[in-house]
Amino acid sequence: MSTVLAATAVAVGLSMGVGAGSAAAAPRLTTDTIFYQDGKSVVVSLYADGKYAGAVTWNADPLGDKPGDALQAYDGGADGWGVMGTVTDPWIYRSASTAGHASPYTTKWVTGDLTEDTWLDISVCLVKGSQKVCDYNLPRVSS
């Protein structure tokens, strides 16, 4: 009986160890922000373990060839992680993601007219498959 229990314990231990360590550790995300258009618009640069990974831009008002009320994501790091940005309020959800595209890649502007001076929460993430590493603590932006 003790031999059967010992063999079972070894088999369970081996089966639990299979595949351990195969998933890459998620990087530590840090961000840097540059505001423009009187603080209504922002470029958020993302860094994965201290290395530049990309950026998310929220453009409140048209600027040159850039539309207003528009969100864009840029993946500048060939590290296997995509870049995603989201703006939300209780009635609005707008997201731009580079997931599934080879780096470097810039999304099209995700647009749609919003009521002026609507305050929005912005978040940025590094994404890889079902994994996400996000910063939800960014200052609010406006339309």
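Report follows, based on the coordinates. Please read these numbers as outputs of a predicted model, since none were measured by experiment.

1. So, the state of the cysteines
Within the structure shown, the criterion is met by one disulfide. Sulfur-sulfur distance for the disulfide between Cys 125 and Cys 134 comes to 2.0 Å. Looking down the S-S bond of the Cys 125 and Cys 134 bridge, the torsion is 105 degrees, so its handedness is right-handed.

2. As for the pairing of strand β3 (residues 51-59)
With seven of its nine residues buried, β3 lies for the most part within the structure. Joining the antiparallel neighbours strand β2 (residues 41-48) and β3 is a turn of two residues, in which Asp 49 adopts a positive phi near 50 degrees. Both β3 and strand β4 (residues 70-75) contribute to a ladder of six bridges, which runs antiparallel. Among the inter-strand pairings, Trp 58 is bridged to a residue of β4, identified as Leu 71.

3. Concerning the nonpolar core
Judged by nonpolar contacts, the single largest core of 24 residues is most densely connected at Leu 46, Val 56, Trp 58, Ile 122 and Leu 126. Broken down by secondary-structure element, the contributors of at least two residues to this core are β2, β3, β4, β5 (82-89), β6 (92-97) and β8 (119-128).

4. A short note on the pattern of salt bridges
As enumerated under the stated definition, the model contains four salt bridges in all. Between Lys 40 and Asp 117 there is a salt bridge, with its nearest N and O atoms 3.8 Å apart. Of this pair, Lys 40 sits in the loop between β1 (29-36) and β2 while Asp 117 is found in the loop between β7 (105-106) and β8, placing the two residues 77 residues apart along the sequence. Between Arg 140 and Asp 121 there is a salt bridge, with its nearest N and O atoms 2.9 Å apart. A residue pair is termed long-range when its members are at least 10 positions apart, and Arg 140 in the loop between β9 (131-135) and β10 (141-142) and Asp 121 in strand β8 qualify at 19 residues. Note on Arg 140: relative accessible area 40%, which makes it partly exposed.

5. Quick look at the environment of Asp 32
Of note, Asp 32 is situated in strand β1. Between the C-alpha atom of Asp 32 and that of Leu 46, which follows or precedes it by 14 residues, the distance is 6.8 Å. Beyond its immediate chain neighbours, meaning those up to four positions away, Asp 32 contacts Val 43, Val 44, Ser 45 and Tyr 47.

6. Considering the side chain of Asp 89
With respect to the helices and strands, the residue Asp 89 is situated in strand β5. Buried and unpaired, Asp 89 has Arg 140 as its nearest opposite-charge partner, separated by 6.2 Å. Within the structure, the side chain of Asp 89 is placed 2.7 Å from the backbone nitrogen of Trp 91, a separation counted as a polar contact. Polar contacts involving the side chain of Asp 89 include one to the main-chain amide nitrogen of Ile 92, which spans 2.8 Å. Apart from residues no more than four positions distant in its own chain, Asp 89 is found in contact with Thr 118, Trp 119 and Leu 120.

7. Description of the sheet that holds β4
In space, the five strands of this open sheet follow the order β1-β2-β3-β4-β7, with antiparallel pairing throughout. Among the strands making up the open sheet, the edge pair consists of β1 and β7. In this structure, β2 lies alongside β3, joined through seven bridges in antiparallel fashion. In the sheet register, Leu 46 faces β3, and the bridge partner there is Gly 54.

Calculation rules
- Residues numbered from 1 in each chain as written.
- Predicted model: local features only at pLDDT ≥ 70, side-chain atom pairs only at ≥ 80, totals over all residues.
- Heavy atoms only, no water.
- Disulfide = S-S within 2.5 Å.
- Buried < 20%, exposed > 50% of the residue type's maximum accessible area, 1.4 Å probe, protein only.
- Helix = DSSP H or I, 4+ residues; strand = E, 2+ residues; numbered from the N terminus.
- Pairing = 2+ DSSP bridges.
- Core = buried A, V, L, I, M, F, W, Y, C linked by side-chain atoms within 4.5 Å.
- Salt bridge = Lys/Arg side-chain N within 4 Å of Asp/Glu carboxyl O.
- Contact = heavy atoms within 4.5 Å.
- Lys, Arg positive; Asp, Glu negative; His and termini not counted.
- Polar contact = N/O pair within 3.5 Å; in protein donor to acceptor, adjacent residues only side chain to side chain.

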